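Report on the structure
These are the residues of each chain, in order.
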Amino acid sequence: MKITAARVIVCSPGRNFVTLKIETDQGVTGIGDATLNGRELSVVSYLEDHVIPCLMGRDPQQIEDIWQYLYKGAYWRRGPVTMSAIAAVDTALWDIKAKMANMPLYQLLGGRSRTGVMVYGHANGRDTAETVDEVLRHKEEGYLAIRAQSGVPGLNKVYGVSGHHGASRMYEPADGNLPSEHDWSTEKYLRHTPGLFEAVREAVGPDVHLLHDVHHRLTPIEAGQLGKALEPVRMFWMEDPTPAENQDAFQWIRHHTTTPIAVGEIFNSIWDCKTLIEKQLIDYIRTTVVHAGGITHLRRIADLASLYQVRTGCHGATDLSPVCMGAALHFDTWVPNFGVQEFMPHSEEMLSVFPHDYRFERGMMYCGESPGHGVDIDEKLAAKYPYQRAYLPVNRLQHDGTLWNW
Ligand code: GCO
Ligand code: MG
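Residues numbered from 1 in each chain as written. Chains lettered and ligands numbered in written order. Predicted model: local features only at pLDDT ≥ 70, side-chain atom pairs only at ≥ 80, totals over all residues. Heavy atoms only, no water.

**As for the overall build of the chain**
Going by this rule: Secondary structure follows DSSP: runs of H or I at least 4 residues long count as helices, runs of E at least 2 residues long count as strands, and numbering of each begins at the N terminus. Note on method: radius of gyration uses C-alpha positions; expected globular size equals 2.2 Å times residues raised to 0.38. Buried residues are those whose accessible area, probed at 1.4 Å on protein chains only, stays under 20% of the maximum for their type, while exposed residues exceed 50% and partly exposed ones sit between those limits. A contact between two residues is defined here by any heavy atoms of the two lying within 4.5 Å. Accessible areas in this description were obtained via Shrake-Rupley with a 1.4 Å probe; residue shielding takes into account the shown protein chains only. Neither His nor the chain termini are counted; the positive set is Lys and Arg, and the negative set is Asp and Glu. Note on charges: their place is set at NZ of Lys, CZ of Arg, CG of Asp or CD of Glu.
Within the chain, the secondary structure is distributed over 13 helices and 16 strands. For 406 residues, the compact-globule estimate of 2.2 N^0.38 gives 22 Å, and the chain sits close to it at 21 Å. The dimensions of the chain, computed from C-alpha atoms along their principal axes, are 60 × 45 × 45 Å. Counting only residues that meet the buried cut, the chain has 59% of its 406 residues in that class. The long-range fraction of contacts in the chain, counting pairs at least 24 apart against all pairs at least 6 apart in sequence, stands at 72%. Summing over all exposed atoms, the chain offers an accessible surface of approximately 16,000 Å²; the carbon and sulfur share of this is 52%. In the chain, the 38 positive side-chain charges and the 49 negative ones have mean positions that sit 2 Å from each other.

Here's what the structure looks like:
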């Protein structure tokens, strides 16, 4: 069996998605997500200029060898651009192998470990009252786990909260401008957040899992303070409490709080995860298919995590395409140390470009039973949505404009 063609499809049905399609001499094709939010075209170039020429004529069944060839063979290891490109190849090859075997992907990974995949939804509000309403709306829809983010009194733009109500699920869209600027005050945030969660817990009752994303904004000792203040609320997790370049810093958070910690959406290899996992400084690892080298590498990360009772919590914001979501749901259905899967619904327009067989029902998601990972791309429709330059925002301290973590 041989790879005969591979091409990159870029489209922007509301936001940019990069998709790799691989064709074979047996007529079977596979696709993989290669989207790196705000840096999309770098991955396109890496694939088109450097990776695709090396794939021609190779046996697509040799997933592991191709992975090693692209990782070790490049000499320049790791990094989000490289690993997203490798992930796209790897995902497309698993798609092909599963189609050849006439099996849904989770069967090839080792079969079903659970009936469905618990997902968490995003409840975002401009203030506490609106956030509580959004949490309750998610509970009505059947969510068992809900992430709550709120505007902070005195701050104009905060992570996860869009300017107007109802647009909350669509923040960070493609807008063609330069990065927008958010403002930040740790003092105001720390004053607001414990009260927000008290109100949320009071309204939602004891059973729903509550999550919160700090988005790398606190120092370790501030994160310790927040985690401690949130203990009475019994959080499912506190995400990205501090930047993870210096991983020993997480010891300071651990010394001060038992609130569980989730990290890893911006990690791209097992080496980024190693210290946090081996020193048991986190409880959930957030790497997902597209940014961490595909199914082949993500499985390796999950196996390492399982030795230390760290569970998975795959990233699933809308900048990861439905192709990544489809593959992640097969992974989640198999992985023994599953924790939760993030689910931020794509718009109808986005979903129309990516026909898929996964579904959401009462707080759970289910991958389909069709051979492969169950997601396709409608190339004709995709061509109607050309690439639009788009950036993630940046964040500055409110009182003096110092550039802060976003
Ligand atoms: C999350 C993330 C996202 C990221 C986005 C960046 O927890 O879902 O933090 O909101 O900011 O995916 O591309
Ligand atoms: Mg996050």
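**Quick notes on the coordination of the magnesium ion (ligand 2)**
This is how the line gets drawn: Note that water is not among the atoms used; donors are N, O and S atoms within 2.8 Å of the metal (3.2 Å for Na, K and Ca), so sites may look incomplete.
Each protein donor to the magnesium ion (ligand 2) is listed here as D213 (OD), E239 (OE) and E265 (OE); together their distances run 2.0 to 2.2 Å. The sequence pattern describing where the donors of the magnesium ion (ligand 2) fall on their chain is D-x25-E-x25-E. One end of the pair, D213, is in strand 7 (residues 209–213); the other, E265, is in the loop between strand 9 (261–263) and helix 9 (270–278), and 52 residues separate them in sequence. On the accessibility criterion, D213 (2% relative accessible area) is buried.

**Let's talk about the packing of aromatic side chains**
The condition that has to hold: Two aromatic rings, drawn from Phe, Tyr or Trp (for Trp, its six-membered ring), form a pair once their centres lie within 6.5 Å of each other, and the interplanar angle then sorts them: stacked below 30 degrees, edge-to-face above 60, tilted otherwise.
A complete count under the given rule lists 12 aromatic pairs for this structure. Between Y75 and W76, the aromatic rings sit 5.0 Å apart at their centres with planes inclined by 70 degrees, giving edge-to-face as the arrangement. Accessibility classification places Y75 together with W76 in one group, the exposed group. Measuring from ring centre to ring centre gives 5.0 Å for F236 and Y284, while their planes differ by 25 degrees; the resulting arrangement is stacked.

**Observations regarding the sheet that holds strand 3 (residues 29–33)**
Our working rule: Here a strand pair is declared whenever DSSP counts at least two bridges between the two strands. For helices, the fitted line uses only the C-alpha atoms of the stretch in contact; every axis is such a line through C-alpha atoms, and the angle between N-to-C directions lies from 0 to 180 degrees.
Taken in spatial order, the three strands make up an open sheet running 1-2-3, and their pairing is antiparallel. Edge positions in the open sheet fall to strand 1 (3–11) and strand 3, since each of these has one partner strand only. Across the sheet, the axes of successive neighbouring strands diverge by a mean angle of 20 degrees, strand direction being ignored. Relative to strand 2 (residues 17–24), strand 1 runs antiparallel, the two being bridged by eight bridges. Its bridge partner being in strand 2, R7 is matched across the sheet by K21.

**Quick look at the packing of helix 6 (residues 186–204) against helix 7 (residues 220–230)**
For clarity, the threshold we go by: An angle counts as roughly parallel when it lies under 35 degrees, as roughly antiparallel when it exceeds 145, as roughly perpendicular when it falls between 65 and 115, and as oblique in every other case. We call a crossing left-handed when the near helix sits turned anticlockwise from the far one by less than a right angle, and right-handed when that turn is clockwise. Charged residues are taken to be Asp, Glu, Lys and Arg, nonpolar residues to be Ala, Val, Leu, Ile, Met, Phe, Trp, Tyr, Cys and Pro, and polar residues to be all remaining types, Gly included.
Helix 7 packs onto helix 6 with a crossing angle of 20 degrees between their chain directions and a minimal axis gap of 9 Å. The orientation of helix 6 relative to helix 7 falls into the category roughly parallel. Classified by chirality, the crossing of helix 7 by helix 6 is right-handed. Where helix 6 approaches helix 7, its residues T186, Y189, L190, T193, P194 and F197 are matched on the opposing element by E222, Q225, L226, A229 and L230. Taken together, the residues of the contact of helix 6 with helix 7 sort by class into seven nonpolar, three polar and one charged.

**Side note on the site of ligand 1**
Selection rule: Each residue is tested against the molecule or strand, and it is near if at least one of its non-hydrogen atoms lies within 4 Å. In the analysis that follows, any N or O atom pair within 3.5 Å is treated as a polar contact, provided that within protein one partner can donate a hydrogen and the other can accept it, and provided that, for residues neighboring in sequence, both atoms belong to side chains.
Neighbouring ligand 1 are 16 residues, the closest being N37, Y159, E265, D319 and E342. D213 has a polar side-chain atom sitting 3.0 Å from an oxygen atom of ligand 1. If ligand 1 stood free it would expose 340 Å²; the protein chains cover 94% of that surface.

**A few points about the confidence of the model for the chain**
Formally: pLDDT: the predictor's confidence for each residue, scored from 0 to 100.
Within the chain, residue pLDDT values average 96, and 96% of them lie at 70 or more. Ranking the helices and strands of the chain by mean pLDDT puts strand 10 (residues 284–285) first, with 99, and strand 6 (residues 181–184) last, with 92. Low pLDDT, under 50, characterises residues 164–169; the stretch is placed with 14 contacts to residues that sit more than four places away or in other chains.

**Considerations on the domain arrangement of the chain**
What counts, and what does not: For the domain bounds, the source is a domain assignment made automatically or taken from a database. Accessible area that two parts lose when put together, evaluated with a 1.4 Å probe and summed over both, is termed the buried area. Here, a salt bridge means any Lys or Arg side-chain nitrogen found within 4 Å of an Asp or Glu carboxyl oxygen.
Here the chain is partitioned into domain 1 (3–104) and domain 2 (109–370). Centre-to-centre separation of domain 1 and domain 2, based on C-alpha positions: 26 Å. Opposite the 32 residues of domain 1 that make contact, domain 2 presents 36 residues. Taken over both partners, the interface formed by domain 1 and domain 2 buries close to 2,600 Å², and the fraction arising from carbon and sulfur atoms is 59%. On the domain 1 side of the interface with domain 2, the three residues burying the most area are R15, D33 and P104, jointly 23% of the side's total. In this assembly, domain 1 and domain 2 are joined by two salt bridges. Here R78 ties to D272 by a salt bridge, and the two come within 3.2 Å at their closest N and O atoms. Where domain 1 touches domain 2, the interface holds 10 residue pairs in polar contact (both at pLDDT 80 or more). Elements that contribute at least two residues to the side of domain 1 that touches domain 2 include exactly strand 2, strand 3, helix 2 (63–72) and helix 3 (80–101).

**Observations regarding the nonpolar core**
Put simply, the test is: For our purposes a nonpolar core is just a set of buried Ala, Val, Leu, Ile, Met, Phe, Trp, Tyr and Cys residues, chained together by side-chain atoms within 4.5 Å.
Core analysis: the biggest nonpolar cluster contains 126 residues, and L20, I22, L47, V89 and I285 have the highest contact counts within it. The biggest single contributor to this core is helix 3, with 10 residues. The two domains that each donate at least three residues to this core are domain 1 (3–104) and domain 2 (109–370). When neighbours within four sequence positions are excluded, I22 is seen to be in contact with I3, A5, A6, V28, T29, G30, L55, V89, A92, L93 and I96.

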